[in-house]
Every structure is written in structure tokens, then in C-alpha cells.
Amino acid sequence: MKVLQVLPTLDPEAGGPVTAIKGLSRALAERGISISMFTTGDGRQITGYEMPAGIECKVFCSFGPKSFAYSPSFKKALRERLRQFDLVHIHTLWSFPVWMAGYHCRLYGIPYLIRPCGMLDPYCLAHHPLRKNVYGFFVERKNL
């Protein structure tokens, strides 16, 4: 089985999702599952994070607000490679990589699951509520 994991960043300062994905990736690879990871970054070297052996990781350059992680090269890679995977595991919400992964999975009929990582908690939804309500209506609702 080939699984693609998608998350907006591997920056350790992003907290829980980044920390959890390392152990999850290792455990899946130990069980013979082929793991690839697509993420974005602003071009700075990411330190403090070692990828488990045998896991492909592609970091695509992103622009604009760091939290949104807009990346044309990420979108292009999804169009070119997504059909190689049996399943896509999407981590967190509210970002361009998440939006594009969900959209392209539906477009190509690739099964996917979303791990919202607490992003649907009332506390998180209260941060920028208007922005999240609009974005949620037009984008995340379709993904979820």
C-alpha cells in the first residue's frame, strides 16, 4: 500500500501535528506501508526534525501568509503524482495544501482521510471566526 501524508509544514514550532507525524510515519513504514510526505516551507532550512529512514519527503516552497502555505509547485506535484497513491492522509485544516489535497483526491477518486488535529475545537474556531466561517463554507465543508 502506498500512502501520501499531507501537512502544511514540518516546522517543529508548529507543534503537535508535526511531532505526531514522525512517529506515525515510522510505525506505518515498519509495517511495510510505503510512505511519502508532501509539505510546504518558506525555503528556510528546517532543523530539529529527522525523517524516519525510507520515507520520501517533498518540501515545496510556499508564499504569502505562513499559515496558509500557498504553493503552486505543491499543486503541480499533486496533479502529477497523486494517482500513484492508494490513500491520502491529510493533517490539520485551514491551509492551501489541505484544500488542494482534498480537492484533487475527490477529482481523481483517491480515498482520503483528514486528521483535523483539534482545528474543529471551539477554542480554535473562535480564532478568526469570520475567516474560518467563510473558508469553511466554501472549502473545508467539501473536504470534510
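Here, the structure is the one placed above.
These numbers come from a predicted model, not from an experiment. (Residues numbered from 1 in each chain as written. Predicted model: local features only at pLDDT ≥ 70, side-chain atom pairs only at ≥ 80, totals over all residues. Heavy atoms only, no water.)

A.B. asks: Is there a simple way to explain the overall build of the chain in this structure?
C.D. replies: Scanning the chain for helices and strands turns up 5 helices and 5 strands. Taken over 144 residues, the chain has a buried fraction of 39%. Taking the contacts inside the chain whose residues are at least 6 apart along the sequence as the reference set, 66% of them involve residues at least 24 apart. With an accessible surface of roughly 8000 Å², the chain has 59% of that area assigned to carbon and sulfur atoms. (Helix = DSSP H or I, 4+ residues; strand = E, 2+ residues; numbered from the N terminus. Buried < 20%, exposed > 50% of the residue type's maximum accessible area, 1.4 Å probe, protein only. Contact = heavy atoms within 4.5 Å. Areas by Shrake-Rupley, 256 points an atom, 1.4 Å probe, with all protein chains shown as cover.)

A.B. asks: Would you mind showing me how to read the pairing of strand β1 (residues 2–6) here?
C.D. replies: Every other side chain in a regular strand lies on the same face of the sheet, so the side chains alternate between the two faces. Along β1, 4 of the 5 residues are buried, which leaves the element largely enclosed by surrounding structure. Where β1 and strand β2 (residues 34–41) come together, 5 bridges link them in parallel fashion. Note on β2: the bridge partner recorded for Q5 is M37. When β1 meets strand β4 (residues 87–91), the two strands line up parallel, connected through 4 bridges. Bridging from a neighbouring strand, V6 pairs with I90 of β4. (Pairing = 2+ DSSP bridges.)

A.B. asks: Is there a simple way to think about the sheet that holds β1 in this case?
C.D. replies: The strands making up a sheet associate through hydrogen bonds between their backbones, and the pairing can be parallel or antiparallel. Taking strand neighbours across the sheet as the criterion, the 5 strands line up as β3-β2-β1-β4-β5 in an open arrangement whose pairing is parallel. Unpaired on one side and paired on the other, β3 (56–61) and β5 (112–115) mark the two borders of the sheet. Within the sheet, the average angular offset between the axes of one strand and its neighbour, ignoring direction, is 20 degrees. Two strands pair when backbone bridges link them, and β4 and β5 are joined in this way by 4 bridges, in the parallel orientation. Residue pairing in the sheet places I90 in a bridge with I114 of β5. Its contacts with the sheet place helix α1 (residues 16–30) against β1, β2, β4 and β5, and it is angled at close to 160 degrees to β2. Of the strands in this sheet, β1, β2, β4 and β5 are in contact with helix α3 (residues 96–108), which crosses β4 at around 155 degrees. (Axes fitted to C-alpha atoms, helices over the stretch in contact; angles between N-to-C directions.)

A.B. asks: I'm lost on the packing of helix α2 (residues 72–81) against α3 in this one. Help?
C.D. replies: Packed helices, taken two at a time, are described by the angle between their axes plus the distance between the axes. Running from N to C, α2 and α3 cross one another at 20 degrees; their axes reach a closest spacing of 10 Å. Comparing their axes, α3 and α2 come out roughly parallel. Between α2 and α3 lies a crossing of right-handed hand. Together, F74, K75, L78 and R79 of α2 and F96, P97, M100, A101, H104 and Y108 of α3 make up the contact between the two elements. Split into classes, the residues belonging to the contact of α2 with α3 amount to 7 nonpolar, 1 polar and 2 charged. (Parallel < 35°, antiparallel > 145°, perpendicular 65-115°, else oblique. Left-handed = near helix turned anticlockwise from the far one by under 90°. Nonpolar A, V, L, I, M, F, W, Y, C, P; charged D, E, K, R; others polar.)

A.B. asks: What exactly am I supposed to notice about α2 here?
C.D. replies: The periodicity of an α-helix, 3.6 residues per turn, causes residues three or four places apart in sequence to face the same way. For α2, the full list of buried residues reads F74, A77, L78 and R81. Projection of α2 onto a plane perpendicular to its axis shows the buried side chains occupying an angular sector of 100 degrees, all on one side. The elements touched by buried residues of α2 are β1, β2, β3 and α3. (Arc of directions from axis to C-beta.)

A.B. asks: Could you clarify how one ought to interpret the nonpolar core in this entry?
C.D. replies: Inside soluble globular proteins, nonpolar side chains tend to come together where they are buried. Counting 20 residues, the largest nonpolar core has L4, L78 and V88 as the members making the most contacts within it. Sort the elements by how many residues they give to this core and α3 lands first, with 5 residues. Among residues more than four places away in sequence, those in contact with L4 are S36, M37, F38, L78, L82, F85, L87, V88 and H89. Of all hydrophobic cores here, the second largest spans 5 residues; its members include L7, V18, I21 and M37. (Core = buried A, V, L, I, M, F, W, Y, C linked by side-chain atoms within 4.5 Å.)

A.B. asks: Explanation requested: a nonpolar patch on the surface in the structure shown.
C.D. replies: Together, L130, V134, F137 and F138 make up an exposed nonpolar region whose accessible area comes to about 450 Å². Relative to the helices and strands, F138 is located in helix α5 (residues 129–143). (Patch = residues over 30% accessible without salt bridge, like charges linked within 9 Å, V, L, I, M, F, W, Y side chains within 5 Å. Salt bridge = Lys/Arg side-chain N within 4 Å of Asp/Glu carboxyl O.)

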